[in-house]
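An overview of the molecular structure
What follows is each chain in one-letter form.
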Amino acid sequence: MVETLVLQLVNALRIGGVYSLIGVGFSMVFAIVRVVNFAHADVFVVGAFIGLFAAQLCGSFLVALLAAMILTPIVGLLVERLGYKSVSKAPKGAQIVTMLGLGTLIRNLLRAVMGPDFRFFPTLISGSVPLGMIRISALDVTIVLVPILLIALMDAFLRKSMLGKAMRAAAFNREAVYLMGINADMVISFSFMIGASLAGAGAVIYSMKYPTVHPYMAVFLGMKGLAACVTGGLGSSHGPVLGGFLLGFLEVLVAGYLSSLWRDLIVFAVLILVLMARPTGILGESYEA
Amino acid sequence: MRVVSDRGSAAVGLLVAVSLLGASAIFETLTSTDSLNPYIHHIVTVCGINAILTLSLNLLCGLVGQFSLGHAAFMAVGAYTSAYLTVILHVPFLVAVAASGAVGAVFGFLIGIPSFRTKGFFLGFITLGFNLLLINVIENTWAIGGARGMSDIPTRTTLPLVCLAVIAAVVIVKNILVSNLGRSMGAIREDESAAELVGINPIHFKLMAIAVAGFLAAIAGSLYAHYFSFIHPSTFAQAKSTDILTMVYLGGVGSISGSVAGALLVTLFLEILRPFGIWRLVLMPALLVLMIIVRPQGLLGGKEWRFIMDLRNEIRPAQRRPEEEVKRHATP
């Protein structure tokens, strides 16, 4: 009984952590440029591939994680240049469609270059940790703790560092930021890159638990990450984390005690219900998109 | 905003419509007697179904400036309603098509009610959520085939019928655009607060637009189901919604001709590039991104083919510069 409960808790924290890592990227970009980065889920897949190759090369979790976190931002920057900067003068609808198109482009490019095969992600962490009466695998401990650690780091970065403060300022008022001598273009680039970096980390963590990497792995996952983020509050800093863990717990509850068929359904039902009650999400402030 | 009048194009439009219908009938006969490659017939039919979808989405994105990210959901509603009615309840085909249109309109209306309580990008998220939710519900409902899809739907969609539906969709959207209704919608798109000040109730017009859009998309879905005779939930997934958006924005949002052109262009382009295999799915979005970078208003944004609508009679505010006009026109 206790064992099931702990395992369910670990499951919920794990799913919630991955949603949060994806959602923070969505939210951070949206806060500053008011455009949903629909290519984010595909940047996530790029991160999974980078992590996979790093893991195959040296077989170390830390190296795979760092490689994904350092190299994925390059793709994030490309997305910003092509999908935002080059069309920033275009109407909002066209910008959103550009992002959607860019996502499809990355996805199908990966499919064309990497092939449609499912690649196996090597097991990097083995062994188990005793926790009271039961033992939890070290893998589970890692994939629960690393996202929480990264999100905490992210939060400290946004609050304490100069760049983090600049990002929050840009989210608060884009025009005023220019007047304060902050390079807003650089801030925008960094928001895409940091989002991509967290997505890369999320991708490595996700692939360790569900060890198949393929170009279409994040189509649905990205949508759920976005749903979690919008539920929590798109554009706020803590909203995606709250939404991510909320949906993580809900999914586990529904899958564990109702039926796993309704697991995905509940995510989108909650999204629609929350949006009806509170259009900006639980923690979001009102915005004119 | 643009004030469009509709003088002078009716006669030419009628001529084009009649000749299109005639051509499609000839096409159908030639294909059924095996003197024409059925592949061409197939592509033309798919072009037509896609054109209805783009016209439907354009009504939302272009006319009222409301963004829908899950338009394929309405198509799914139409396809499944029609399939259920004909396969299980044995309702006649045309009745089923009309009924699925009505159900689509009701769904549009129901989604519109919560979505239009606030301004902004809200409808985008609601429709996206609805699209994903609906696919999931269909996958788990065994009465309509569940994840296996639904097969043995009577094949009743013919090319002249699709052609007729496209012409009807063009006429509906055009008449909305040139009427008082369309002008009110345009006012909401340009400046919602200002529209409210002159006595336009935005929610009223937005609901009307999404109901008509739901109707058209459901009709397209119904025609789709009775053309392929097999429907599967994954056909109507969010990727299909993105495809419709691509067609609308590539062709030019806000323009009726642009919607039709976008549907034709994307469908034909994907067929012509078939030898390239997966790379055609890379080239297509690349073309879209390039188009929006070079020409944000799309191929025919702010323009119309003369047989659909004669913009020479357009009453333009004199003081506004043309580039500003285009930019404002396409802002959702």
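The structure presented is a predicted model; accordingly, all values stated were derived computationally and were not measured.

Moving on, we get to the overall build of chain B. For chain B, the helix and strand inventory stands at 13 helices and zero strands. Mapped in sequence order, the helices and strands of chain B form the string α-α-α-α-α-α-α-α-α-α-α-α-α. A compact globule built from 332 residues should have a C-alpha radius of gyration of about 20 Å, and chain B, at 19 Å, falls within 12% of that. Counting only residues that meet the buried cut, chain B has 57% of its 332 residues in that class. Summarising the internal contacts of chain B: among those between residues at least 6 apart in sequence, 80% fall at separations of at least 24. Of the roughly 13,300 Å² of accessible surface on chain B, 68% is carried by carbon and sulfur atoms. Distance between charge centroids for chain B: 4 Å, based on 22 positive and 17 negative side chains.

Turning our attention to the packing of helix 9 (residues 219-232) of chain A against helix 5 (residues 122-139) of chain B. Packing of helix 9 of chain A against helix 5 of chain B brings their axes to within 11 Å, and their N-to-C directions diverge by 130°. Classified by the angle their axes make, helix 9 of chain A and helix 5 of chain B are oblique. Both helix 9 of chain A and helix 5 of chain B take part in a crossing whose hand is left-handed. Between helix 9 of chain A, through Phe220(A), Met223(A), Leu226(A) and Val230(A), and helix 5 of chain B, the contact on the second element is made entirely by Phe125(B), Leu128(B), Leu132(B) and Asn136(B). Among the residues forming the contact of helix 9 of chain A with helix 5 of chain B, the class breakdown is seven nonpolar, one polar and no charged.

Here the focus is the packing of helix 4 (residues 93-115) of chain B against helix 9 (residues 202-228) of chain B. Residues and elements named next belong to chain B. At a closest axis distance of 7 Å, the pairing of helix 4 and helix 9 adopts a crossing angle of 140°. For the element pair helix 4 and helix 9, the recorded crossing hand is right-handed. Packed against helix 4, whose contacting residues are Phe 93, Val 97, Ser 100, Gly 101, Ala 102, Gly 104, Ala 105, Gly 108, Phe 109, Gly 112 and Ile 113, the element helix 9 presents Leu 207, Ile 210, Ala 211, Gly 214, Phe 215, Ala 218, Ile 219, Ser 222 and His 226 at the interface. Considered class by class, the residues forming the contact of helix 4 with helix 9 number 12 nonpolar, eight polar and no charged.

Our next topic: the nonpolar core. Of all hydrophobic cores here, the largest spans 193 residues; its most connected members are Ile231(B) and Phe236(B). For this core, the element with the highest residue contribution is helix 8 (residues 184-209) of chain A, accounting for 14 residues. Residues within four places of Ile231(B) in sequence aside, it is in contact with Ala79(B), Tyr80(B), Ala83(B), Gly149(B), Met150(B), Ile153(B), Tyr224(B), Ala225(B) and Phe236(B).

The rules we used
Residues numbered from 1 in each chain as written. Chains lettered and ligands numbered in written order. Predicted model: local features only at pLDDT ≥ 70, side-chain atom pairs only at ≥ 80, totals over all residues. Heavy atoms only, no water. Helix = DSSP H or I, 4+ residues; strand = E, 2+ residues; numbered from the N terminus. Rg over C-alpha atoms; globule rule 2.2 N^0.38 Å. Buried < 20%, exposed > 50% of the residue type's maximum accessible area, 1.4 Å probe, protein only. Contact = heavy atoms within 4.5 Å. Areas by Shrake-Rupley, 256 points an atom, 1.4 Å probe, with all protein chains shown as cover. Lys, Arg positive; Asp, Glu negative; His and termini not counted. Charge placed at Lys NZ, Arg CZ, Asp CG, Glu CD. Axes fitted to C-alpha atoms, helices over the stretch in contact; angles between N-to-C directions. Parallel < 35°, antiparallel > 145°, perpendicular 65-115°, else oblique. Left-handed = near helix turned anticlockwise from the far one by under 90°. Nonpolar A, V, L, I, M, F, W, Y, C, P; charged D, E, K, R; others polar. Core = buried A, V, L, I, M, F, W, Y, C linked by side-chain atoms within 4.5 Å.

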